[in-house]
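# Topology and contacts: notes
Read off the chains here:
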Amino acid sequence: MKLAYRNLVRHYKKSILSAAIGIVTITLLLLYAVNLDSTERQLVTLPEAMEVSGRVSNLNGSREEGISISEERVDGIAACPYVEKVVFSAQFMTGFGAFTLEEYKGNLNYFAAAVNDIAGVPGLKSEEISYGEKWDESLFAGGEPLCILDARIMEQQGLSLGDEVTITLYYYQYGQGGIGIGKVTPLVEGRPFTVAGVMDYKDFTGSVTPPQMLFPLESVRQVFREEGVAFTADSASFLVKDPFRLNACKSYMHELGFLPVARDADFSYAGNALSMKDEEFINAAENLRETLTFLAGMLPFVAVILLFVGYLCSYLLIQDRKAEYATMRSIGMGWRRCFFVMLLENLMIEAAVCVVVSLPALLTGTVGGRALLLSDAVFLLAFLLGSAAALWSFHGLSVIETLRAGE
């Protein structure tokens, strides 16, 4: 190392020139590595930045709420391993007390919804609901006989949180295949529910009539089972857990009987189509993959250029140094030792170049450690190989003839 260092100092002009070439080279390589690393990271984190959602609709896509989604499909969506944050809702007409079909006029006064998540009521904000001490928003995911009432209803009925009330439920029944307008049909004549919360709409922004009562979806489904009535949901939505497995998700939904939206189909209330908001994600993923393929395809050319530049830098260092090499050989240094001394000169320059370029970039945080490591490793490897190729030309050099030529 001492000998290599002395040689670098002795030939400082060539060393400086070689270092300058190395700095330019590793800077360009670093820009390439940063672009490659950034594109890969964008592709990996794309699902976090751009969600893919699905929503059940009727076949022509004109309605996504107020439709009839069979219980089989509801259970199928809930069990799908490719989705998360599944939200269902079901609409009802309700009234206080127990009354028969003949008595429904004047008693069936309130619009209600059963949901498994507050997101099932578009336009309703979490902060607009106040819960009793025993409950919170998680009650919608359970199956207890609970209800959330509008503040005005609470005041009219003189109710307080924790009170038990009797409520009669009517559901919307559609004809075979979702044909015909939904008919309000009795579900149960009076069922006790505990008031677990009160909601007070401040500025409702939903597109449908705001419900005046809310129930946990599973508690209402239990009523359907007990009454022997087929349950149907009026809306269903979800997020795709891993958008890169979007095709597997679509295949699963197709097996459940969901069809793609057909705009020219006849109108019906049957929820048998699936609308996927995936176009933006697909376009973004395709663009990133194309960029990544292009950058990866350039790697062989980058490697060839680096090898050439490494060869050139080494050639600059050893140019006009045949006599010096012959002198080292003549005093007893073997070929391998001479080779590694001169190779070490190149390594010292290249290592210094890596420090000069990479250390400021790392300390300022302008470049990630992965990109730095990649660019430094490729730079050092390519330059050492190029240097070795240039130094190999000394292997067949005649020491005696070189010394005579120097004389």
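Residues numbered from 1 in each chain as written. Predicted model: local features only at pLDDT ≥ 70, side-chain atom pairs only at ≥ 80, totals over all residues. Heavy atoms only, no water.

In this section: the overall build of the chain. Counting secondary structure elements, the chain contains eleven helices and 13 strands. Counting over 407 residues, the chain shows a buried share of 44%. Expressed as a percentage of contacts within the chain between residues at least 6 apart in sequence, the contacts between residues at least 24 apart total 80%. (Helix = DSSP H or I, 4+ residues; strand = E, 2+ residues; numbered from the N terminus. Buried < 20%, exposed > 50% of the residue type's maximum accessible area, 1.4 Å probe, protein only. Contact = heavy atoms within 4.5 Å.)

Of the strand pairs in this sheet, strand 1 (residues 53–57) and strand 13 (residues 273–277) are connected by five bridges, and their pairing is antiparallel. Its bridge partner lying in strand 13, arginine 55 is registered against serine 275. Where strand 12 (residues 259–260) meets strand 13, two bridges bridge the pair, whose relative direction is parallel. By the bridge assignment for strand 13, leucine 259 is matched with alanine 273. (Pairing = 2+ DSSP bridges.)

Phi angles above zero are rare outside glycine, and lysine 85 is one such case at about 50°. Its place among the elements puts lysine 85 in strand 3 (residues 83–96). Residue class for lysine 85 comes out exposed when judged on its relative accessible area of 59%.

The next thing to look at is the environment of lysine 134. Topologically, lysine 134 is positioned in the loop between strand 5 (129–131) and strand 6 (146–150). The sequence separation of lysine 134 and glycine 162 amounts to 28 residues, and the corresponding C-alpha distance is 9.0 Å.

Tracing the chain through its elements places serine 268 in the loop between strand 12 and strand 13. Given the relative accessible area of 9%, serine 268 is considered buried. Looking at serine 268, its side chain comes within polar contact range of the main-chain nitrogen of alanine 270, at 3.4 Å. (Polar contact = N/O pair within 3.5 Å; in protein donor to acceptor, adjacent residues only side chain to side chain.)

Inspection of every chain in the model, using the stated rule, returns twelve salt bridges. Across the salt bridge formed by arginine 55 and glutamate 65, the nearest N and O atoms sit 3.5 Å from each other. Placement of the pair is arginine 55 in strand 1 and glutamate 65 in the loop between strand 1 and strand 2 (69–70), with a sequence separation of ten residues. Because the salt bridges share partners, they merge into one network encompassing Glu71, Asp75, Glu218, Arg221 and Arg225. (Salt bridge = Lys/Arg side-chain N within 4 Å of Asp/Glu carboxyl O.)

Before going further, it helps to examine the packing of helix 2 (residues 12–49) against helix 10 (residues 369–391). Closest axis-to-axis distance for the helix 2/helix 10 pair is 8 Å, and the angle between their directions is 135°. Classed by the angle they form, the pair helix 2 and helix 10 counts as oblique. The crossing of helix 2 and helix 10 is right-handed. On the side of helix 2, the interface is formed by Gly22, Thr25, Ile26, Leu29, Leu30, Ala33, Val34, Leu36, Asp37, Glu40 and Arg41, while helix 10 contributes Arg370, Ala371, Leu372, Leu374, Ser375, Asp376, Val378, Phe379 and Phe383. Of the residues contributing to the contact of helix 2 with helix 10, the split by class is twelve nonpolar, three polar and five charged. (Axes fitted to C-alpha atoms, helices over the stretch in contact; angles between N-to-C directions. Parallel < 35°, antiparallel > 145°, perpendicular 65-115°, else oblique. Left-handed = near helix turned anticlockwise from the far one by under 90°. Nonpolar A, V, L, I, M, F, W, Y, C, P; charged D, E, K, R; others polar.)

Turning to the nonpolar core, a few remarks are in order. Generally speaking, nonpolar side chains in soluble globular proteins are found buried as a group. Ranked by internal contacts, the top residues of the largest apolar core, which has 78 residues, are Ile77, Phe92, Phe96, Ile167, Phe215, Phe238 and Met253. With ten residues, the top contributor of residues to this core is helix 7 (residues 279–318). If near-sequence neighbours (up to four positions away) are discounted, phenylalanine 96 is found in contact with Asn107, Tyr110, Leu149, Ile153, Gln157, Leu159, Val165, Thr166, Ile167 and Met213. Within the second largest apolar cluster, 15 residues are counted, among which are Phe140, Leu146, Met199 and Tyr201. (Core = buried A, V, L, I, M, F, W, Y, C linked by side-chain atoms within 4.5 Å.)

The next point concerns the confidence of the model for the chain. Atom-level detail of predicted coordinates should not be read off regions where pLDDT is low. Across the chain, pLDDT averages 84, with 87% of residues at or above 70. Highest mean pLDDT in the chain belongs to strand 9 (residues 213–216) (96); lowest belongs to helix 11 (residues 399–406) (53). (pLDDT = per-residue confidence, 0-100.)

Quick look at helix 10 now. Between the first and last C-alpha of helix 10 there are 32 Å, a value that for 23 residues agrees with the 33 Å anticipated at 1.5 Å per step. Of the residues making up helix 10, those classed as buried are Ala371, Leu372, Ser375, Asp376, Phe379, Ala382, Phe383, Gly386, Ser387, Ala390 and Leu391. (Expected span 1.5 Å × (residues − 1).)

Another aspect to go through is the pairing of strand 8 (residues 183–199). Extensive coverage of strand 8 is indicated by the burial of twelve of its 17 residues. The pairing of strand 5 with strand 8 spans three bridges and is classified as antiparallel. Along strand 8, the bridge assignment pairs serine 130 with valine 198.

Residues separated by three or four positions in an α-helix point in the same direction, a consequence of the helix having 3.6 residues per turn. The end-to-end C-alpha separation of helix 2 is 51 Å, in line with the 56 Å expected for 38 residues at 1.5 Å each. Taken as a whole, helix 2 carries its principal kink of about 35° at leucine 43; the proline proline 47 stands between one and four residues after it. (Bend = angle between axes of the 7 residues up to and from the residue.)

Let's shift gears to the environment of threonine 166. Mapped onto the elements of the fold, threonine 166 is located in strand 7 (residues 164–173). Residue class for threonine 166 comes out partly exposed when judged on its relative accessible area of 36%. Between the C-alpha atoms of threonine 166 and glycine 97, which are 69 residues apart in sequence, the distance is 4.9 Å. When near neighbours in sequence (up to four residues on either side) are disregarded, threonine 166 contacts Gly95, Phe96, Gly97, Ala98, Gly190, Arg191 and Pro192.

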